[in-house]
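As a plain string of letters, each chain reads:
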Protein chains: 2
Amino acid sequence: MINIAVLGYGTIGSGVVEVLNTNGESIKKRAGDRINIKYVLDLREFPGDPVMEKLVHDVNIILEDPEVKIIVEVMGGVNPAYKFVKESLLRGKSVITSNKELVAKHGAELLDLAKEKNLNFLFEASVGGGIPIIRPLNQSLTADEIVEITGILNGTTNYILSKMSDDGMEFEAALKNAQNMGYAERNPEADIEGHDSCRKIAILSSLAFGMQVDFEDIYTEGITQISAADIKYAKALGARIKLFASSIRENDKSVYAMVAPMMIKVNHPLYSVNDVFNGIFVRGNVIGDVMFYGSGAGKLPTASAVVADVVDAAKHLGTNIWTIWSSKKLELTDINQVQHRFFVRVKDDSSMENKIKSLFGEVERVIVEGVQDEYAFITPTMTEQDMKEKKANLSGMISMIRVRF
Amino acid sequence: MINIAVLGYGTIGSGVVEVLNTNGESIKKRAGDRINIKYVLDLREFPGDPVMEKLVHDVNIILEDPEVKIIVEVMGGVNPAYKFVKESLLRGKSVITSNKELVAKHGAELLDLAKEKNLNFLFEASVGGGIPIIRPLNQSLTADEIVEITGILNGTTNYILSKMSDDGMEFEAALKNAQNMGYAERNPEADIEGHDSCRKIAILSSLAFGMQVDFEDIYTEGITQISAADIKYAKALGARIKLFASSIRENDKSVYAMVAPMMIKVNHPLYSVNDVFNGIFVRGNVIGDVMFYGSGAGKLPTASAVVADVVDAAKHLGTNIWTIWSSKKLELTDINQVQHRFFVRVKDDSSMENKIKSLFGEVERVIVEGVQDEYAFITPTMTEQDMKEKKANLSGMISMIRVRF
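Residues numbered from 1 in each chain as written. Chains lettered and ligands numbered in written order. Predicted model: local features only at pLDDT ≥ 70, side-chain atom pairs only at ≥ 80, totals over all residues. Heavy atoms only, no water.

Draft legend 1. Spotlight on the domain arrangement of chain A. Residues and elements named next belong to chain A. What the domain assignment lists for chain A is domain 1 (2-129 + 299-315), domain 2 (136-295) and domain 3 (337-403). The C-alpha centroid of domain 2 is placed 27 Å from the C-alpha centroid of domain 1. Sorting the residues of domain 1 by area buried against domain 2 places Lys100, Ala104 and Val127 first, and these three jointly supply 46% of that buried surface. Counting across the domain 1 and domain 2 interface gives 2 salt bridges. One salt bridge in this structure joins Lys100 and Asp196, with 3.1 Å as the shortest N-O distance. The tally of links between domain 1 and domain 2 comes to 1 residue pair in polar contact (both at pLDDT 80 or more). Within the residue set of the side of domain 1 that touches domain 2, elements represented by two or more residues are helix 5 (100-116) and helix 12 (299-315). At 6 residues, the largest contribution of residues to the side of domain 1 that touches domain 2 is made by helix 5. Class assignment for the residues of the side of domain 1 that touches domain 2 results in 6 nonpolar, 3 polar and 5 charged. (Domains from an automatic or database assignment. Buried area = accessible area lost by both parts, 1.4 Å probe. Salt bridge = Lys/Arg side-chain N within 4 Å of Asp/Glu carboxyl O. Polar contact = N/O pair within 3.5 Å; in protein donor to acceptor, adjacent residues only side chain to side chain. Helix = DSSP H or I, 4+ residues; strand = E, 2+ residues; numbered from the N terminus. Nonpolar A, V, L, I, M, F, W, Y, C, P; charged D, E, K, R; others polar.)

Draft legend 2. View of the sheet that holds strand 4 (residues 68-73) of chain A. Residues and elements named next belong to chain A. Judged by pairing direction, the sheet is parallel, and its 6 strands sit side by side in the order 3-2-1-4-5-6 without closing on themselves. Across the chains shown, the open sheet's two edge strands, defined by having one partner strand only, are strand 3 (55-56) and strand 6 (121-122). In this structure, strand 5 (residues 94-97) lies alongside strand 6, joined through 2 bridges in parallel fashion. Each bridged residue has a counterpart across the sheet, and for Val95 the counterpart in strand 6 is Phe121. (Pairing = 2+ DSSP bridges.)

Draft legend 3. Broad picture of the relation of the copies chain A and chain B. Between the two copies, chain A and chain B, the superposition gives an RMSD of 0.0 Å; the rotation angle is 180° and the shift along the axis is 0.0 Å. Within this description, the copies of the chain are treated as partners about a two-fold rotation axis. Across chain A, the smallest distance between a C-alpha and the rotation axis is recorded for A:Phe292, namely 2.4 Å. Same-surface contact between copies: 100% of interface residues of chain A are shared with the interface of chain B. (Least-squares fit on C-alpha atoms with pLDDT ≥ 70 in both. Contact = heavy atoms within 4.5 Å.)

Draft legend 4. Looking closely at the sheet that holds strand 4 (residues 68-73) of chain B. Residues and elements named next belong to chain B. In space, the 6 strands of this open sheet follow the order 3-2-1-4-5-6, with parallel pairing throughout. For this open sheet the edge positions go to strand 3 (55-56) and strand 6 (121-122), each flanked by a neighbour on one side alone. Across 2 bridges, strand 2 (residues 35-41) lies against strand 3 in parallel orientation. Of the residues in strand 3, the one forming a bridge with Leu41 is Val56. Set on the sheet, helix 4 (residues 81-90) makes contact with strand 1 (2-7), strand 2, strand 4, strand 5 (94-97) and strand 6; between it and strand 5 the angle comes to about 150°. (Axes fitted to C-alpha atoms, helices over the stretch in contact; angles between N-to-C directions.)

Draft legend 5. Geometry of the pattern of salt bridges. In the structure shown here, the tally under the stated rule is 47 salt bridges over all chains. A salt bridge links A:Lys299 to A:Glu18, with the nearest nitrogen and oxygen atoms 3.5 Å apart. Separated by 281 residues along the polypeptide, A:Lys299 in helix 12 and A:Glu18 in helix 1 (residues 11-22) bring together distant segments of the chain. Take A:Lys299: its relative accessible area is 32%, and that puts it in the partly exposed class. For B:Asp217, the salt bridge goes to B:Lys329, with nearest N and O atoms at 2.7 Å. (Buried < 20%, exposed > 50% of the residue type's maximum accessible area, 1.4 Å probe, protein only.)

Draft legend 6. Local environment of the UniProt feature "binding site: NADPH" (unreviewed entry) in chain A. As recorded in UniProt, the feature "binding site: NADPH" (unreviewed entry) lies at A:Lys100. Position of A:Lys100 among the secondary structure elements: in helix 5. (UniProt positions renumbered as here; feature names shortened; annotations may be inferred.)

Draft legend 7. Examining helix 2 (residues 24-31) of chain A more closely. Residue and element names in this part refer to chain A. By the burial criterion, the buried members of helix 2 are Ser26, Ile27, Arg30 and Ala31. One face of helix 2 carries all of its buried residues, which in axial projection span an arc of 130°. In helix 2, the exposed positions that point more than 90 degrees away from the buried face belong to Glu25 and Lys29. Gly32, located one to two residues past helix 2, shows a positive phi value of around 85°. (Arc of directions from axis to C-beta.)

Draft legend 8. Molecular detail of helix 13 (residues 352-360) of chain B. Residue and element names in this part refer to chain B. For helix 13, the full list of buried residues reads Met352, Ile356, Leu359 and Phe360. The buried side chains of helix 13 occupy one side of the element, clustering within an arc of 75° when seen end-on. When the buried face of helix 13 is taken as reference, the exposed residues oriented beyond 90 degrees from it are Asn354 and Ser358. Buried residues belonging to helix 13 abut strand 13 (339-347), strand 15 (374-378), strand 16 (382-383) and helix 14 (384-392). Immediately beyond the C-terminal end of helix 13, within one or two residues, lies Gly361, with a positive phi of roughly 80°.

Draft legend 9. Main features of the pairing of strand 11 (residues 277-284) of chain A. Residue and element names in this part refer to chain A. Taken across its 8 residues, strand 11 has 6 buried, putting it largely inside the fold. Direction of pairing for strand 7 (residues 146-152) relative to strand 11: antiparallel, over a ladder of 6 bridges. If you follow Ile152 over to strand 11, its bridge partner there is Gly279. Direction of pairing for strand 11 relative to strand 12 (residues 288-295): antiparallel, over a ladder of 8 bridges. Following the sheet pairing, Asn278 is matched in strand 12 by Gly294. The turn joining strand 11 and strand 12, which pair antiparallel and follow one another in sequence, is formed by 3 residues.

Draft legend 10. The nonpolar core, seen in detail. Among the nonpolar cores identified, the biggest contains 172 residues, and A:Leu204, B:Leu204 and B:Phe343 are the most heavily contacted of them. If we ignore the near neighbours within four places in the chain, the residues touching B:Phe343 are B:Asp230, B:Tyr233, B:Leu237, B:Met263, B:Val366, B:Ala376, B:Phe377, B:Ile378, B:Ser399, B:Met400, B:Ile401 and B:Val403. (Core = buried A, V, L, I, M, F, W, Y, C linked by side-chain atoms within 4.5 Å.)

Draft legend 11. The arrangement of the environment of A:Leu300 in detail. Mapped onto the elements of the fold, A:Leu300 is located in helix 12. Assessed through its relative accessible area of 23%, A:Leu300 is described here as partly exposed. Sequence-wise, A:Leu300 and A:Val363 are 63 residues apart; in three dimensions their C-alpha atoms are separated by 48 Å. With residues up to four places along the chain from it excluded, the contact list for A:Leu300 reads A:Gly15, A:Glu18, A:Val19 and B:Val286.

Draft legend 12. Seen up close, the UniProt feature "domain: Aspartate/homoserine dehydrogenase NAD-binding" (unreviewed entry) in chain A. Here, the residues flagged by UniProt with the feature "domain: Aspartate/homoserine dehydrogenase NAD-binding" (unreviewed entry) are residues 8-124 of chain A. Between the end C-alpha atoms of residues 8-124 of chain A there is a gap of 17 Å, over a span that is 44% helix and 18% strand.

Draft legend 13. Expanded view of the interface of chain A and chain B. The interface is formed by 47 residues belonging to chain A together with 47 residues belonging to chain B. Buried surface at the junction of chain A and chain B, both sides included, amounts to about 4,000 Å², of which 54% is carbon and sulfur. Three residues, A:Arg30, A:Thr142 and A:Val286, lead the burial of chain A against chain B; their summed loss comes to 17% of the area buried on that side. Inspection of the region where chain A meets chain B yields 0 salt bridges. The interface formed by chain A and chain B contains 15 residue pairs in polar contact (both at pLDDT 80 or more). Counting residues per element, the ones that place at least two in the side of chain A that touches chain B are helix 1, helix 2, helix 6 (134-140), helix 10 (195-209), strand 12 and helix 12 of chain A. For the side of chain A that touches chain B, the per-class residue count stands at 25 nonpolar, 15 polar and 7 charged.

Draft legend 14. Up close: the side chain of A:Gln212. Residues and elements named next belong to chain A. You can see Gln212 is positioned in the loop between helix 10 and strand 8 (219-220). At 3.0 Å, the side chain of Gln212 forms a polar contact with the side chain of Asp214. Excluding residues that lie within four positions of it along the chain, Gln212 makes contacts with Ala104, Ala108, Ser206, Trp325, Ser326, Ser327, Lys328, Lys329 and Leu330.

Written as structure tokens, this is what we have:
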């Protein structure tokens, strides 16, 4: 029997309990021993819930119990999670976490500490919910040099964009719908402003390139500026708008990373990733293109990933699973030097056509039914810096969305 | 330095050499040591190729060299691969293989032997080329009970079906095109009759359910009967025809497995897997649906998976990576009891409508432009046995394709 403790009895914590109850027998076979939850830490009480037998309010009871070999941290947030996780490792307990903020900020340090102590620090559930992506990156794509990782990493924004596309809704209405469905929080900022995707692509980039990618360095735009009219234009172009979180190494040189809405067409492997689903596209220099798809959030899918990490930690008691993530900082390419094509909408007036021609050269005008008094087009490939400068000379810009086709 | 030997210098073998040359530095970081190819076994000579320095014609030179820790078997076929692999394990060398015939037939035995000797027998490249699927099944989906695995596991047939769909070609013309492109062999039987997919789903099923699934027990139909007219009907229905290799556990009861063409619609995650790409859909009882996508064949993608296994074996010298695949046989559900809906085309005559009504009840007729003198419809859900009996009473059936929508 291997004793574990779960820190936090929220959605994921209760999911972990449920998964271990439901699949206990098959998990025992996979882990080689029965996984027993000895403690659950939460400040709240849960009257009538069988968890009460295991509930403790003081983390020290767990930290000081030498029988507990594995800690599952599913509280979220950096504090006090960081303190609890570090202390667990210092006391010889492996740690599993689903906490993207913690991993993005302290992943390198906690991996180092786990290695030094011959323990494990695993975090499959921190990105892509149930989708296996961390372990494939660490253990399956090891023959490759990663050239690109691009993910639809946030289910809430993907749901909102799908809803806008399917039902012609404006952003605010689709957000309200997502909140009513329980897909978006009452304070949705972390999702809709791209911060959640930003933490996740920081983690994936650090693992793919083996060095620290600080999330603060990643250029991040959310989806709050996307309108029903933008979606109409996308449809007219045979395209969809997705919130992409990308990190890309160009021409064997340095890496750029960004989170921003992107127009893509049907030939992109992430085009069919709709609703609350997530998808992660990886390009390696020998494997070519691979894509991973599944539920990016939700109680049971996320708990499935957490428990799979528990199984792995149980099989590796006393052995560190090697993960390359140096604390040395990866200097990212200045975003102003990155090149894209841009979809642009401007207010139409008599001089607009000439102004656009002088700024961008010959461009193809995009027309959709029912949208008037404006002029929309796709620019040639240019740097973000170029685009900024042209934008300054172009009064009346309504919207601008990057294009990947 | 870790010495390895490569058995077979064909497409994949030369790919393995190329990948280790191209990405040697990053692979060294991942493996913790430099991977050195000490020998390459092949009966042929390769004048002018640097491989000549390492080429041997006698496997005993490799087997008897204690410096060789890992054997890469990429010869294909059961004989003499089985003999060489078994002997390698008996002499204390871990084995990596891309050989689906060998794994489907002897996987359980070779895994047992590797475990007994504290070695590893790894075969990521045997299914799905470069796509990580074996390791995710063994190590990532360990918290789940697998309910379904369905794959498009053969790039050749997927290319042929895509070509038929895109260009309206008949099967024979699309096969010829695939042969000209180098995607199909001159003797294409193993691909187009479904045997290749059958071996692969046997491997995935054995791993998913932890017991031996014999490929001989899997009902297998190829794509040779699919016509341009079938594809036209599929399009009229908003569907595509794909060669599915499935194993499905129904209602917590026994598992059925089959390889057969299937009509699917856009809401199926494998709908967008086209051309030579492969996709593998997995449903678990807690994780829900996940999908893996990428190049299912090809020199470098397959070699990438082989070398990733070499890295894993190098990191686990002296430690067996646990894989659950008992030699105990899994008794599959009799295929006659499996239920589907069926798309059916019959020659039309004055009495057909009534005959169909009496056999199948009210069905919806499917009509496409330019196809006359026939009656096409989709049946209600029924067992394969029922369908067989009805088919016997229905003269003039032109084609019958299972439907998953």
